[in-house]
Amino acid sequence: MKKITSICCIGAGYVGGPTMSVIAQKCPEIKVTVVDINEARIEAWNDKDLDKLPVYEPGLAEVVDEARGRNLFFSTDVDKAIQEAEMIFISVNTPTKTYGVGKGRAADLKFVELCARQIARVANGDKIVVEKSTLPVRTAESVKRILKAEAGEHEFQILSNPEFLAEGTAIDDLHNADRMLIGGDQDEKGQEAIQALVDVYAHWLPKDRLITTNLWSSELSKLTANAFLAQRVSSINAISALCERTGADVDEVANAIGSDSRIGPKFLKSSVGFGGSCFQKDILNLVYLCRHFGLPEVADYWEQVVAMNDYQKHRFAKQIIDTLFNTVSGKKIAFLGWAFKKDTNDTRESAAIYVAHELLQDRAEIHVYDPKVPKAQMFRDMEYLIENPGSVYTENPLPENWRDLIVVHEEPYTAMDSAHAIAVLTEWDEFKTYDWASIYAKMLKPAFVFDGRNILDGEAMAEYGFEFRGIGKGLEKARANVEA
Ligand code: UDX
Ligand code: UDX
Ligand code: ADP
């Protein structure tokens, strides 16, 4: 098989943009063109001002700066890029369906299908098509059928190459991937296509990290990896609720169990609940597949991971309302953070959105500060949740004037000034460096802090005078329980 010299990627989002930037950086002899139908997005990728890139990731700007214009290009001319490329990545969004059959559970494959049809229509030669979006098992089969049915004389090989990068650490994850998984057909042509992609990644990854499998194993591994990671978070969050009742400290428990090499220390950080575009979507996808294949017990098992996550977000919101004397109506609640985790401007499925919804149901006034998320995004997130409640806790309607009840701040101190309570929703490092003594002085008393990420030092906060509540740290309450 000859070496690949030209790659195209359809979809310039959180996955396609960073992944292709790193491929271009590490493979200077390969021309990499990233295309998208969203003109504004492509314009932003081409912006001379690297602060304006549409995706914020530490280290990304440097990689783009190195490769852009050399062998990395961003364009809206999808047809031309498809024709020029020997290898085409499909990296478009696959949200959970919001309509029709499988609503709220199945993955919406319309964008992937459109891509497949477009590739078949305009291709002028044989192509290797690589699935990069997270997709349900057996999507490759559908893509293959569309390509074959529409293709004419050209040959297409389909590979599954799921992305395991996490947002906020995308560049590091790409540079030092634990593994790169490549699935393809087991016949000779399939193996040649797999080898072509292996050669691309072998530019910087050791051979033993390049795992090759059949198509279905590769597709299922992606869903399973995310389901396992999410399950760890839900498991430790379940234990956090018990810690709050018994007086154990969830971080101590996590540390103790994480030292068992069979369990391991990662992904045991208790929080207000996991978010992000992948975990919930992939589990719901897995659940849908299990039901489709007649495995209701397996479906129920995985569905509990999402149910526990909904409960954790709800528990946090409820604790705020309960602690503030059973109502937050008319009270100023400061939100530190809106993104689903630190070091990203992505807000998809962020716990903050759900907590905001529950507090707004009780007519709180929410004052938000997030270092990276723009105001318009926060309102879009709220509107989306109102249209697609997804959880039993966010089905109640919001007051008509809910838009007036969300105030977005450009800096943190005004958000917290005269607040009744502060809720930490994202673990941004800068929150730890604030002048907490002066924040305390300017808040209403008692001044409550609910740390949904356990990033602040509870004892120090109590010394400033705050009524401090961490996740899974119910010492005071537990003591009261024992005394009562
Ligand atoms: C377990 C704990 O490992 C140990 O730390 C605790 O002190 C006591 O309980 P044990 O019951 O002796 O130890 O055996 P373990 O090796 O954990 O296996 C338990 C069961 O799980 C066995 O039936 C084993 O076959 C099964 N198992 C284990 C699997 O089916 N798959 C695995 O990957 C691991
Ligand atoms: C995840 C997977 O990690 C990645 O491999 C896959 O490619 C995409 O989905 P991502 O969603 O970017 O990546 O972020 P991740 O770091 O996995 O965090 C997901 C959510 O879980 C975040 O809201 C995070 O705050 C939360 N989380 C994570 C915890 O609450 N506790 C933890 O210990 C770890
Ligand atoms: P992800 O997190 O999977 O990267 P994003 O939503 O960030 O998802 O990015 C997906 C991108 O794919 C979007 O910018 C969207 O405009 C683009 N896209 C969707 N369908 C097509 C298509 N048919 N052709 C080109 N780009 C597409």
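Reading the values: the criteria
- Residues numbered from 1 in each chain as written.
- Chains lettered and ligands numbered in written order.
- Predicted model: local features only at pLDDT ≥ 70, side-chain atom pairs only at ≥ 80, totals over all residues.
- Helix = DSSP H or I, 4+ residues; strand = E, 2+ residues; numbered from the N terminus.
- Rg over C-alpha atoms; globule rule 2.2 N^0.38 Å.
- Buried ≥ 20, exposed ≤ 12 C-beta atoms within 10 Å, placed from the backbone.
- Contact = placed C-beta atoms within 7 Å.
- Pairing = 2+ DSSP bridges.
- Right-handed = clockwise from strand over helix to strand, strands pointing away.
- Axes fitted to C-alpha atoms, helices over the stretch in contact; angles between N-to-C directions.
- Parallel < 35°, antiparallel > 145°, perpendicular 65-115°, else oblique.
- Left-handed = near helix turned anticlockwise from the far one by under 90°.
- Nonpolar A, V, L, I, M, F, W, Y, C, P; charged D, E, K, R; others polar.
- Domains from an automatic or database assignment.
- Near = placed C-beta within 6 Å.
- pLDDT = per-residue confidence, 0-100.

Participant: Got a minute to help me understand the overall build of the chain in this structure?
Facilitator: In terms of helices and strands, the chain carries 18 helices and 14 strands. Compactness check: the chain gives a C-alpha radius of gyration of 24 Å against a globular reference of 23 Å for 484 residues, within 12% of the reference. Its C-alpha atoms put the chain at 75 × 50 × 45 Å along the principal axes. Taken across its 484 residues, the chain has 46% of its residues classed as buried. Counted over contacts in the chain with a minimum sequence separation of 6, partners at least 24 positions apart contribute 77%.

Participant: How do you make sense of the pairing of strand 5 (residues 127-131) when you look at a structure like this?
Facilitator: Side chains on a regular strand alternate between the two faces of the sheet. The buried count for strand 5 comes to five of five residues, which makes it a mostly enclosed element. Going residue by residue along strand 5, you find Lys127, Val129 and Glu131 tucked away on one face and Ile128 and Val130 tucked away on the opposite face as well. Note: strand 4 (residues 87-90) against strand 5, four bridges, orientation parallel. Counterpart to Phe89 in the pairing with strand 5 is Val130. Each parallel crossover has a hand, and for strand 4 linked through helix 5 (residues 110-122) to strand 5 it is right-handed.

Participant: Mind showing me how you'd approach the packing of helix 13 (residues 351-361) against helix 14 (residues 375-387) here?
Facilitator: The relative placement of two packed helices comes down to the angle between their axes together with the axis-to-axis distance. The geometry of helix 13 relative to helix 14 is characterised by a closest axis approach of 10 Å and an angle of 70 degrees between their N-to-C directions. Here helix 13 lies roughly perpendicular to helix 14, going by the angle between them. Here the hand of the crossing between helix 13 and helix 14 comes out right-handed. In this structure, helix 13 uses Ile353, Ala356 and His357 to contact helix 14, whose residues at the interface are Asp381, Met382 and Leu385. Grouping the amino acids of the contact of helix 13 with helix 14 by side-chain chemistry returns four nonpolar, one polar and one charged.

Participant: Before we go on, may I ask you to explain the domain arrangement of the chain in this structure?
Facilitator: How large an interface is tends to be reported as the accessible area lost when its parts come together. Partitioning the chain into structural domains gives domain 1 (6-213) and domain 2 (224-483). Between the C-alpha centres of domain 1 and domain 2 there is a distance of 33 Å. Among the residues forming the side of domain 1 that touches domain 2, the class breakdown is nine nonpolar, six polar and two charged.

Participant: Quick question: what am I supposed to make of the site of ligand 3 here?
Facilitator: Taken together, 21 residues surround ligand 3, and among them Gly11, Gly13, Val15, Val92 and Asn93 come closest. Among the elements that make up the shell around ligand 3, the one with the highest residue count is helix 5 (three residues). For the shell around ligand 3, the residue count by class is 11 nonpolar, eight polar and two charged.

Participant: I tried to follow the environment of Leu215 on my own but got confused; where do I start?
Facilitator: By the secondary structure assignment, Leu215 is in helix 9 (residues 215-246). Classification of Leu215 as buried rests on a count of 23 C-beta atoms within 10 Å. In this view, Leu215 contacts Ala140, Ile158, Ser160, Gly183, Gly184 and Asp185; residues no more than four positions away in its chain are not counted.

Participant: Could you clarify how one ought to interpret unusual backbone geometry in this entry?
Facilitator: One can expect most non-glycine residues to show negative phi and most peptide bonds to be in trans. Backbone torsion omega between Lys445 and Pro446 reads -5 degrees, so that peptide bond is classified as cis. When you line up the elements, Pro446 lands in the loop between helix 16 (436-442) and strand 13 (448-451). The residue Asp343 is not glycine, and still its phi comes out positive at about 60 degrees. Looking at the secondary structure, you find Asp343 in the loop between strand 9 (332-336) and helix 13. In the Ramachandran plot, Glu349 falls in the positive-phi region, its phi being about 60 degrees despite a non-glycine side chain.

Participant: What exactly am I supposed to notice about the site of ligand 2 here?
Facilitator: Every one of the 19 residues lining ligand 2 counts as a neighbour, but Lys269, Ser271, Phe274, Gly276 and Cys278 are closest to it. It is helix 9 that contributes the most residues to the shell around ligand 2, three residues altogether. For the shell around ligand 2, the residue count by class is 11 nonpolar, four polar and four charged. Of the domains in this structure, domain 1 (6-213) and domain 2 (224-483) are the two that each give at least three residues to the shell around ligand 2.

Participant: What exactly am I supposed to notice about the confidence of the model for the chain here?
Facilitator: Low pLDDT marks regions whose predicted coordinates should not be analysed in detail. For the chain, per-residue confidence averages 94 on the pLDDT scale, and 98% of positions sit at 70 or higher. For this predicted complex, the interface score ipTM comes out at 0.91, while the overall pTM is 0.92.

Participant: Help me out: how do you make sense of the packing of helix 9 against helix 11 (residues 279-292) in this one?
Facilitator: Viewed as axis vectors pointing N to C, helix 9 and helix 11 meet at an angle of 115 degrees, and their least axial separation amounts to 9 Å. For the element pair helix 9 and helix 11, the recorded crossing hand is left-handed. For the pair formed by helix 9 and helix 11, the contact residues are Leu223, Asn226, Ala227, Leu229 and Ala230 on the first element and Phe279, Asp282, Ile283, Asn285 and Leu286 on the second. Taken together, the residues of the contact of helix 9 with helix 11 break down into seven nonpolar, two polar and one charged.

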